[in-house]
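# Survey of secondary and tertiary structure
Below are the chains, spelled out letter by letter.
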Amino acid sequence: MLKATRSHSTEIAGLLTARARWTVPEIAFWLVAFATIFVLPDRHLILTEIVIWALFALSLDLILGFAGIISLGHAAFFGFGAYAAGLLAKHGLIVEPVLALIVAGLASAVLGFFTSFLVLRGTDLTRLMVTLGVALLLRELANRFSDLTGGADGMQGIEIGPVLGRFDFDLYGHTAYVYSLIVLFVLFVIARRIVRSPFGLSLLAIKDNSLRAAAVGIPVNRRLVAIYTIAAGYAGVAGALLTQTTAFASLEGLAFERSADVLLVLIIGGAGYLYGGLIGAVIFRFAHDWMADITPQYWQFWIGLILVLIVLVGRERITGWTRPIRRLADRLGNWRPARPRALGASSREGGER
Amino acid sequence: MTPVLETRALEKHFGGVVAASQVSLRLEKGARHALIGPNGAGKTTIINLLTGVLRPTSGEILLDGKDISHVQPYERVRLGMVRTFQINQLFGELTPLESLGLAVSERLGTGGDWWRRFGTRSSVIDEIGDLLERFSLVDVMREETAILPYGKQRLLEIALAFACRPRLLLLDEPAAGVPDLERQEILATIAALPDDVTVLLIEHDMDIVFSFADRISVLVNGEMLVEGPPAEVARDPRVRAVYLGETFDA
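As a starting point, this report considers the structure included with it. Remember, it's a predicted structure, so these values are computed and weren't measured experimentally.

Once that is clear, we can look at helix H6 (residues 124–144) of chain A. Residues and elements named next belong to chain A. Compared with the 30 Å implied by 1.5 Å per residue over 21 residues, the 30 Å span of H6 between its first and last C-alpha is a close match. Turning to H6, its buried residues are Arg-127, Thr-131, Leu-132, Val-134, Ala-135, Leu-138 and Ala-142. Along H6, the residues classed as buried sweep out an arc of 155 degrees about the axis, all on the same side. In this structure, H6 carries Leu-125, Leu-137 and Arg-144 as exposed residues pointing more than 90 degrees from its buried face. Against helix H4 (75–90), helix H5 (97–119), helix H7 (146–149), helix H11 (220–246) and helix H12 (256–269) lie the buried residues of H6.

Rendered as structure tokens:
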């Protein structure tokens, strides 16, 4: 009786790996994304901007949506990566963009590793304040060391070499867009793999109940340090992409507004399922344009209104509002194993077996 | 023989309040030890000290003769000291399947794998299957834990501890608030634990205590009042005074 039957094991394995399977809506999403390369050639500049926001928001999702670490200073890593890429290019240290991108990302990851210890303890409020503080600190340092960063004028004279030594950045942003989109896709696939691993699931457990997580042997702090480091690296790559595609780096990359906006982007799209940052970036950028068209001076009024509505609809959790939509997607595309709610009642009788 | 668990003059102060005072416990291998005491006696404080959730103000905790007073909670779990919680502490958004899978993976040292997909290790899968059957959780294994009926959640609470394969199991009122049917299931599972597993039971229900324990410690106001075999403890006039009105049938 104690031995699990074979069919059980197969069923269990199937259920556990179901989360990791690529679903129809996902594949459709990426087909559409790559189709824009050919379908919307005259929008590549704005699309590049969206891709960078998407990657930055994806990075925030890794810590907020999966590990429950709230941050108001995520721009620290974005800006750090942006300056790192700028310096590498400006001084001709690494001319090839892909390699420079990786190095800039690693530099941000190192910064993330060392600052992660500050967010291990404490409540959401202390985390908000600490992350905010780190970003402010970094911004002032960048301002102070203007010899290195260009200070308030920004870093001038950055020249970016051709990607892989072959594809030059062009005026219309075609190369920039294809390059950014591929980077986003690759990093997304890696992130997707990570969150579906035992490590990724343990983050969800920590977010859910860190007391119990420790009580089943999960090294909570070590896991949080790891994901914070990875997320910082992702943010650094996003920042580096901005520098490379615009040949410019400035204090704006480290600004509080950027930290606040990326949180906004993620909340618009919904945290905790990886696509939230991507969808949020699209909505955010187009809503920005659209609202600015209607009421040029007051477009932030509408953003504010939307934010309040989302949080009210999401009620308990700021990540909550997209849940009904995702549940619908479940049914359409088996995004996650179906979990019929009604079973909760019938299982009461099932208990005796 | 070295006791599995030993505390030496364990103390915990919260500001001016003394929650545990000079607590000395000793559990031999395979012991079925019960820790009882009135509400607010400090029983849960003791568990929190043992598991490392709280740091002792002074005193030592020894596991297999080694001082673990400064060892992280999760490391104590890996050393074989596992607890259950009086109030369910579960992963509400995960399914029983995933929750148990996590606990098993951590024990097998594969919980940190970040590139392997979850659910592709057959050793983990088989063990999850065993646990689900043993705790009658098969029918609800794919549902979100938060929506399970209380009895099932309680079974999962205990199953999570078993998934860690404890050598020393600390049970904090395991049957609290459980309907009769599931209560019997839980008690039967605990009774069926292998002899080499050492158990410390914290319990209010005297029927459970006296049917299960071979030694009983009575904690009052953070201090050990009495310790001994059940019959002796039941006869002790001081214990009777504390539990005025309770009847002991050892």
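A separate point is the pairing of strand E2 (residues 17–27) of chain B. Looking down a regular strand, the side chains alternate between one sheet face and the other. Residues and elements named next belong to chain B. Across seven bridges, strand E1 (residues 5–14) lies against E2 in antiparallel orientation. Within the sheet, the bridge partner assigned to Glu-6 lies in E2 and is Arg-26. Hairpin connection, E1 to E2: the antiparallel pair is bridged by two residues, and Gly-15 has positive phi, about 60 degrees.

It is worth spelling out the interface of chain B and chain A at this point. At the interface, 56 residues of chain B touch 53 residues of chain A. Overall, the association of chain B and chain A removes approximately 5,100 Å² of surface from exposure, summing both partners, and the carbon and sulfur fraction of that is 59%. On the chain B side of the contact with chain A, Phe-118, Glu-133 and Arg-142 of chain B bury the most area, a combined 13% of that side's loss. Across the contact surface, chain B and chain A share two salt bridges. Notably, a salt bridge pairs Arg-212 of chain A with Glu-157 of chain B, separated by 2.4 Å at the nearest N-O pair. In this assembly, chain B and chain A are joined by 16 residue pairs in polar contact (both at pLDDT 80 or more). Of all elements in the fold, only helix H2 (73–78), strand E6 (81–83), helix H3 (96–108), helix H4 (122–134), helix H5 (150–163) and helix H6 (180–191) of chain B reach the threshold of two or more residues within the side of chain B that touches chain A. The leading source of residues in the side of chain B that touches chain A is H4 of chain B, at eight residues. Tallied by class, residues from the side of chain B that touches chain A come to 27 nonpolar, ten polar and 19 charged.

Rules and cut-offs
Residues numbered from 1 in each chain as written. Chains lettered and ligands numbered in written order. Predicted model: local features only at pLDDT ≥ 70, side-chain atom pairs only at ≥ 80, totals over all residues. Heavy atoms only, no water. Helix = DSSP H or I, 4+ residues; strand = E, 2+ residues; numbered from the N terminus. Expected span 1.5 Å × (residues − 1). Buried < 20%, exposed > 50% of the residue type's maximum accessible area, 1.4 Å probe, protein only. Arc of directions from axis to C-beta. Contact = heavy atoms within 4.5 Å. Pairing = 2+ DSSP bridges. Buried area = accessible area lost by both parts, 1.4 Å probe. Salt bridge = Lys/Arg side-chain N within 4 Å of Asp/Glu carboxyl O. Polar contact = N/O pair within 3.5 Å; in protein donor to acceptor, adjacent residues only side chain to side chain. Nonpolar A, V, L, I, M, F, W, Y, C, P; charged D, E, K, R; others polar.

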